[in-house]
Structures are given as structure tokens and as C-alpha cells.
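# Structure assessment
The lines below spell out each chain.
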Amino acid sequence: MFGMDLTLILPLILVLGFFYFFVIRPQNKQKKEIQAMRSNMKPGDEILTIGGFYGIIYAIGEETITIEMLPDYNKALVTKSAISKVVNSGDVEETEEEIDELDEDLDVVDAEYEEIDDEK
């Protein structure tokens, strides 16, 4: 009878062990790394937000950060949880160069429109 109970419980224990080592533990480790990165930020660091905006940290508060958005240096207030990662200056410079190239390639043309007669 004890052997029958062990065969029923063993697969459950194996599945729980799998989830712990391959799902829960790596997720907790990643969460700690992100939390450490966000607590070690300082003014002057170049960051990437989760929305894809590059910026430079201008001021840090309890839960919010004021950043200067690149490339125009407009200031924005975001929460600390909106910071995806701290990037090095080489990544930001390459992005600014790509933006400048795109601006040169784009010719902005006013859209043509057609007036519609309402009388039918």
C-alpha cells in the first residue's frame, strides 16, 4: 500500500521541482537583478524605458525619475518601474545617428485630399 501512494505522489513532486528550478527560481533571480539595477541608478545615467525611449536621468525621487528624452532633451517624469535598463553611451549615440539618417531620407509631403459633395 505504501508503494501505491509513492507512485501517485512522485510525479507531483517531480513537476513541482521542475517548476521551482526552471520557472520560479530564474524569475526571482531576474527580479532581484532588475531591482538592484533600478536602485543603483544615479543622475547622468543613460537609460532605456519599457516604452522604447532613450533618455538621461536628470533627477531621482522615491518612486519617480525625471529624465531628459533623447534626442531633443525634453524632460519627462516616469516611474522607476518604467525603466527597462541602463545603457552605455555607445548604444545611444548609434541610435541618434540612425535617427539623423532617417530624418535625411524622409521627405515629408502634405497629404492630398479630395473634397466630397454632401449633395446627392
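Now for a look at the structure at hand. (Residues numbered from 1 in each chain as written. Predicted model: local features only at pLDDT ≥ 70, side-chain atom pairs only at ≥ 80, totals over all residues. Heavy atoms only, no water.)

### Remarks on the overall build of the protein chain
Along the protein chain, the regular secondary structure elements total two helices and five strands. Walking the protein chain from its N terminus toward its C terminus, one meets helices and strands in the order α-β-β-β-β-β-α. Look at the contacts in the protein chain between residues 6 or more apart in sequence, and 34% of them connect residues 24 or more apart. Total accessible area computed for the protein chain in this model is approximately 10,200 Å², and 56% of it derives from carbon and sulfur atoms. (Helix = DSSP H or I, 4+ residues; strand = E, 2+ residues; numbered from the N terminus. Contact = heavy atoms within 4.5 Å. Areas by Shrake-Rupley, 256 points an atom, 1.4 Å probe, with all protein chains shown as cover.)

### Description of the environment of Pro-43
Among the secondary structure elements, Pro-43 is positioned in the loop between helix H1 (2-39) and strand E1 (46-49). For the pair Pro-43 and Tyr-58, spaced 15 residues apart in the sequence, the C-alpha separation amounts to 5.2 Å. Leave out the neighbours within four places in its chain, and Pro-43 touches Ile-57, Tyr-58 and Ile-60.

### With respect to the nonpolar core
The biggest cluster of nonpolar side chains holds nine residues, and these are Met-41, Ile-47, Ile-57, Ile-65, Ile-67, Met-69, Val-78, Ala-82 and Ile-83. In terms of residue count, the dominant contributor to this core is strand E3 (residues 64-69) (three residues). If sequence neighbours within four positions are ignored, Ala-82 has contacts with Thr-49 and Ile-50. (Core = buried A, V, L, I, M, F, W, Y, C linked by side-chain atoms within 4.5 Å. Buried < 20%, exposed > 50% of the residue type's maximum accessible area, 1.4 Å probe, protein only.)

### Structural notes on the pattern of salt bridges
All chains considered together, the criterion is met by two salt bridges. Ionic pairing is found between Asp-45 and Lys-42, a salt bridge with its closest N-O pair at 3.3 Å. Two residues, Lys-75 and Glu-68, come together in a salt bridge whose shortest N-O distance is 3.6 Å. Relative accessible area serves as the criterion here: at 18%, Glu-68 is assigned to the buried category. (Salt bridge = Lys/Arg side-chain N within 4 Å of Asp/Glu carboxyl O.)

### Quick word on a nonpolar patch on the surface
A cluster of nonpolar side chains, Val-15, Phe-18, Phe-19, Tyr-20, Phe-21, Phe-22, Val-23 and Ile-24, forms an exposed patch at the surface whose accessible area comes to about 790 Å². Within the element layout of this structure, Phe-18 appears in helix H1. Here Phe-18 falls in the partly exposed class, since its relative accessible area comes to 46%. (Patch = residues over 30% accessible without salt bridge, like charges linked within 9 Å, V, L, I, M, F, W, Y side chains within 5 Å.)

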